[in-house]
Amino acid sequence: MCQIFSFELRVYRKQSPRLTKIGVYRRMSGRKESALDLSKFIDKAVEVKLTGGRQVVGTLKGYDQLLNVVLDEAIEHLRDSDDPLRSTDETRRLGLIVCKGSAVMLVAPEDGTDEISNPFVQPNGA
């Protein structure tokens, strides 16, 4: 019987006033660790915000340690063409998609979250 191990390579930086050393810490582990534990959101609706302002809602089907996420029944919320900071009520059905981990900024559960008005916006003329 053959047992497969993955080698995890961690780089840490030790700084001193005169010298900066880069050390490498290597350890053998039986499984890869993820930066986030998204397993509790599998088969649940999540909202994913991507770099560039795109926002997608879908059912989380899978993820990996690089935060690549697989969403099923994904729906993209479109932005206003005149003001890219403002979202519209328009949506676009995407189906099954893979979001590249380097583009993912936020993964949040859809249940239990509501959009509220910004309490810091000043009324016009104030």
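Shown above is the structure to which this text applies.
Residues numbered from 1 in each chain as written. Predicted model: local features only at pLDDT ≥ 70, side-chain atom pairs only at ≥ 80, totals over all residues. Heavy atoms only, no water.

Engineer: Before we move on, could you go through the environment of E76 and cite the residues and values that matter?
Structural biologist: Tracing the chain through its elements places E76 in strand β5 (residues 69-79). Look at E76 and you get buried, because its relative accessible area is 5%. In the structure, E76 is positioned 29 residues away from E47 in sequence and 9.7 Å away in space, judged by C-alpha atoms. Beyond its immediate sequence surroundings of up to four residues, E76 is in contact with R54, Q55, V56, E90, T91, R92 and L94. A polar contact of 3.0 Å, which involves the side chain of E76, links it to the side chain of R54. Within the structure, E76 has its side chain in polar contact with the side chain of R92 (distance 2.5 Å). (Helix = DSSP H or I, 4+ residues; strand = E, 2+ residues; numbered from the N terminus. Buried < 20%, exposed > 50% of the residue type's maximum accessible area, 1.4 Å probe, protein only. Contact = heavy atoms within 4.5 Å. Polar contact = N/O pair within 3.5 Å; in protein donor to acceptor, adjacent residues only side chain to side chain.)

Engineer: Run through the pairing of strand β3 (residues 45-50), naming residues and quoting values.
Structural biologist: Bridging between β3 and strand β4 (residues 55-63) involves five bridges; their strand directions are antiparallel. From the neighbouring strand, E47 faces β4, where its bridge partner is V57. Connecting the antiparallel pair β3 and β4 is a turn made up of four residues, with G52 showing a positive phi of about 90°. Bridging between β3 and strand β7 (residues 104-109) involves five bridges; their strand directions are antiparallel. What sits directly across from E47, in β7, is A108. (Pairing = 2+ DSSP bridges.)

Taken by themselves, the reported measurements are silent on function.
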